[in-house]
Every structure is written in C-alpha cells, then in structure tokens.
Amino acid sequence: MAFELSRSSVAGLAVSLSVLAGAAQASDLPSRKGAPIAPLPPAITWIDAAISVKALTDYNFRGISQTDRKPAIQGSVELQFYNNLFYVGVFGSNVDLATSPPAEIDFFAGIRPKFGPVTFDIGVIQYYYPGEKQFIDNLGVFWTPKNTDYTEAVGKVSYSNDMFTVGANVFYAWDWLGVGASATYASVTAKVNIPQVEGLAISGELGHYWLGRTNLAIWSTNPPTNLPDYAYWNVGLSYTYKNLTADIRYHDTNLSKTDCFLLTADPRGVARGNAGGRFSSNWCNPSVVASLSFDITASSIGIFAPT
C-alpha cells in the first residue's frame, strides 16, 4: 500500500528530524555559558608610600605640650611593603623643649598583620632630638640629662568596619627620656563615623602612663626620683574631604602643675621657682588643639600600582 504524505506532513517530519539532530549535536558541545571563570588572585601592592603633612596649633603628645603651646608643622613618610604588611618610616616636627632641640625626629618600623576587620601592629619607635643641650640654670643646677633620646616598643590591635573603629595600644620604654626610668603607656581608642555627613567623625582616647624611678637625679639637688603616673584623655571632631582632614580636639591630664614640672623641666617653671615661687609647669593643662592635615599614598596617584 502506498502511503501519500501531505506537504505539511513532510515539512513537520523535516522539522522534527532537524530538532533531534540539533539536540544531538548540542549535547556534544560545551554549554554556551562555558566553564566557571577562575577568580583572579588579589592584587598585591609590593611597595607603597604614605605621605602626611600636618599643621597644628600645638603639638600635644599624651597630654603634654611639646612646643610650649605654640604651633607646629609636622610631616611623615612611611614606606609600606606587601600590602602594608611591613612598614618603615620617619616623622618630624618642630618642638620647644627644655633641652632646646630644633626638632623631634622619629624613626619607626614594624609589621601589621590583618585578619578580616582586625589589624595588629607590632613595632618600634626611636625618638631622636638632634642638637640638644643639657638644661643648666644660672645657679649651676642641671634639670635634664644631656641626651633625652629614647626607644619605645609598640603593640596595637584594632577592629574596624564602615561605622566605627576601636583599638587598644601599649607602648613601653626602658629608659624614658634618658633618665633611666621605665615607662608604660596604655590606651583605648574609638572612632565613630557620623552617617548623616560623609567624612565627619567623632573620636577619642583614654590612656594611662606608668612611670618608674629614675637612676639619676632629675636635678642636681635631688636623689633618684619616683616619677608620677598620670591619666590622659582626648576627644575631638574631624572632617575629611578627599585628602584633607580638619580636626579640633580637647586634651587633658590629671597631672598637677608641680608634677607636670617634674616630668618636663619647663624652663619657665625653673625661673618661677628660682624667683621664690613654685616650680610648676602649664604644659599639661587642658588644651584645645586644631589641626589640618594632608594625606596621600603613592599608589593613589599611579605610583607603585598594584600587580
């Protein structure tokens, strides 16, 4: 028996065979989506440089003025290696201290391992005061060592997210300011970003200084002395726009003016004491310090780009 296929039946059969053949061919080919793309390894910045320049109305260091309440200009350069895991740098500032150095120059180095939002910082700082002169008054009494350079070991840890940063810090010196006394400074810090205004933040620090016993007379008429411990705190408001940060901050300690003099040998305090007054210093008094800083990294302008 002959079978007669209509034109529509032939067309339908052809379409069916074509679909089946296409399906068979497609099964032998890789998916159009292809194999998953292997993730790119994270970029590594083998070397970078962080540069900072700051102007301040007063250089306040842990509650004590280093510039006799006068303005300061500061700058630092920090070389960072392997995504800022290792660092080495130098910091400089003008100062006005009892031994009359023209500047403070600090050399520092360390390591900053990071685990998610937690960062550790373990390092060392060398405080160097070039061109010092031992402070001897007109009565022949010496009030300072010949050299106040000293070294400090540093340990820090911080936790940071988009809203806030909190940290804890410990600094230890075995020969503080060249007087032979040990010195341990510990503090907690916090910074909170204000979400309503981008770049605005409030921050503060609460610390305590434990100071030991000198192994020499701080001034020639006294024996070795137990230095006074003290508490220090600051709180301030900062605003950052691009590379510029403006900051206004309140600093204070619980040091009396007499204890402040014991730690600083403030020449004005010597003059007051020799004139029949009290040996005292205002360098530890409450103060409000304003600053403006400019910070930039070399990688942000295309130098030492990640690889």
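Since this is a predicted model, take the numbers as computed values, not measurements.

### Things to note about the overall build of the chain
Alright, step 1. Along the backbone of the chain there are 3 helices and 15 strands.
Alright, step 2. Roughly 17600 Å² of accessible area belongs to the chain as shown, and the carbon and sulfur atoms make up 66% of that amount.

### Remarks on helix 2 (residues 257–264)
Alright, step 1. Residues Cys260, Phe261, Leu262, Leu263 and Thr264 constitute the buried set of helix 2.
Alright, step 2. Lining the buried residues of helix 2 we find strand 3 (64–65), strand 12 (200–211), strand 13 (230–241) and helix 3 (267–274).
Alright, step 3. Taken from the residues just after helix 2, Ala265 is the one with a positive phi, measuring 50°.

### Comments concerning the confidence of the model for the chain
Alright, step 1. Per-residue pLDDT for the chain averages 87, and the proportion of residues at 70 or more is 84%.
Alright, step 2. This model gives residues 1–32 a pLDDT under 50, and the stretch forms 1 contact once residues within four places in sequence are excluded.

### Some points on the nonpolar core
Alright, step 1. One finds Tyr150, Trp176, Tyr209, Leu211, Leu227, Tyr230 and Leu263 to be the most contacted residues of the largest nonpolar core, which totals 33 residues.
Alright, step 2. Residues contacting Tyr150, with those up to four places away along its chain left out, are Phe61, Ile125, Gln126, Tyr127, Tyr129, Ala173, Asp175, Trp176 and Leu177.
Alright, step 3. Counting 7 residues, the second-largest nonpolar core is a separate cluster that includes Trp143, Phe261, Ala265 and Val270.

### Observations regarding the pairing of strand 6 (residues 103–111)
Alright, step 1. Pairing between strand 5 (residues 86–94) and strand 6: 9 bridges, direction antiparallel. Within strand 6, the residue paired with Val90 across the bridge is Phe107.
Alright, step 2. Two elements, strand 6 and strand 8 (residues 118–128), share 7 bridges in a ladder whose sense is antiparallel. Bridge assignment links Ile111 to a residue of strand 8, and that residue is Ile122.

### Structural notes on the pairing of strand 14 (residues 244–253)
Alright, step 1. Of the strand pairs in this sheet, strand 13 and strand 14 are connected by 10 bridges, and their pairing is antiparallel. Across the sheet, residue Gly236 finds its bridge partner in strand 14, namely Arg249.
Alright, step 2. What sits between the antiparallel neighbours strand 13 and strand 14 is a turn of 2 residues, in which Lys242 has the positive phi angle 55°.
Alright, step 3. Examined bridge by bridge, strand 14 and strand 15 (residues 287–297) share 8 bridges and lie antiparallel to one another. Across the sheet, residue Leu244 finds its bridge partner in strand 15, namely Phe294.

### Describing the side chain of Ser203
Alright, step 1. Within the secondary structure, Ser203 sits in strand 12.
Alright, step 2. Separated by 2.8 Å, the side chains of Ser203 and Arg249 make a polar contact.
Alright, step 3. Sequence-distant contacts of Ser203, that is, excluding residues within four places in its chain, are made with Ala190, Lys191, Asn234, Val235, Gly236 and Arg249.

### Some thoughts on the packing of aromatic side chains
Alright, step 1. By the definition in use, this model includes 15 aromatic pairs.
Alright, step 2. These aromatic residues form a ring-pair network of at least three members: Phe171, Trp176, Tyr185, Tyr209 and Tyr230.
Alright, step 3. Here the basic side chain of Arg62 rests over the ring of Phe171, its NZ or CZ set 4.5 Å away from the ring centre.
Alright, step 4. Positioned above the aromatic ring of Tyr87, the side-chain terminus of Arg112 is 3.8 Å from the ring centre.

### Observations concerning the pattern of salt bridges
Alright, step 1. Scanning the model with the defined rule gives 8 salt bridges in all.
Alright, step 2. As a salt-bridge pair, Asp96 and Lys70 come within 2.6 Å of each other at their nearest N and O atoms. Taken together, the positions of Asp96 in the loop between strand 5 and strand 6 and Lys70 in the loop between strand 3 and strand 4 (72–81) put the pair 26 residues apart, joining distant regions of the chain.
Alright, step 3. According to the relative accessible area criterion, Asp96 is partly exposed, its value standing at 30%.
Alright, step 4. Assessed through its relative accessible area of 36%, Lys70 is described here as partly exposed.
Alright, step 5. Connected via shared salt-bridge partners are Asp68, Lys70, Asp96 and Arg268.

### Some points on the state of the cysteines
Alright, step 1. The tally for this structure, following the rule as stated, stands at 1 disulfide.
Alright, step 2. Two residues, Cys260 and Cys284, share a disulfide whose sulfurs are 2.0 Å apart. Because the torsion about its S-S bond is 85°, the bridge between Cys260 and Cys284 counts as right-handed. Of this pair, Cys260 sits in helix 2 while Cys284 is found in the loop between helix 3 and strand 15, placing the two residues 24 residues apart along the sequence. Residues Cys260 and Cys284 agree in their burial class; the two are buried.

Rules of the game
- Residues numbered from 1 in each chain as written.
- Predicted model: local features only at pLDDT ≥ 70, side-chain atom pairs only at ≥ 80, totals over all residues.
- Heavy atoms only, no water.
- Helix = DSSP H or I, 4+ residues; strand = E, 2+ residues; numbered from the N terminus.
- Areas by Shrake-Rupley, 256 points an atom, 1.4 Å probe, with all protein chains shown as cover.
- Buried < 20%, exposed > 50% of the residue type's maximum accessible area, 1.4 Å probe, protein only.
- Contact = heavy atoms within 4.5 Å.
- pLDDT = per-residue confidence, 0-100.
- Core = buried A, V, L, I, M, F, W, Y, C linked by side-chain atoms within 4.5 Å.
- Pairing = 2+ DSSP bridges.
- Polar contact = N/O pair within 3.5 Å; in protein donor to acceptor, adjacent residues only side chain to side chain.
- Phe/Tyr/Trp six-rings, centres within 6.5 Å; stacked < 30°, edge-to-face > 60°.
- Lys NZ or Arg CZ within 6 Å of the ring centre and 35° of its normal.
- Salt bridge = Lys/Arg side-chain N within 4 Å of Asp/Glu carboxyl O.
- Disulfide = S-S within 2.5 Å.

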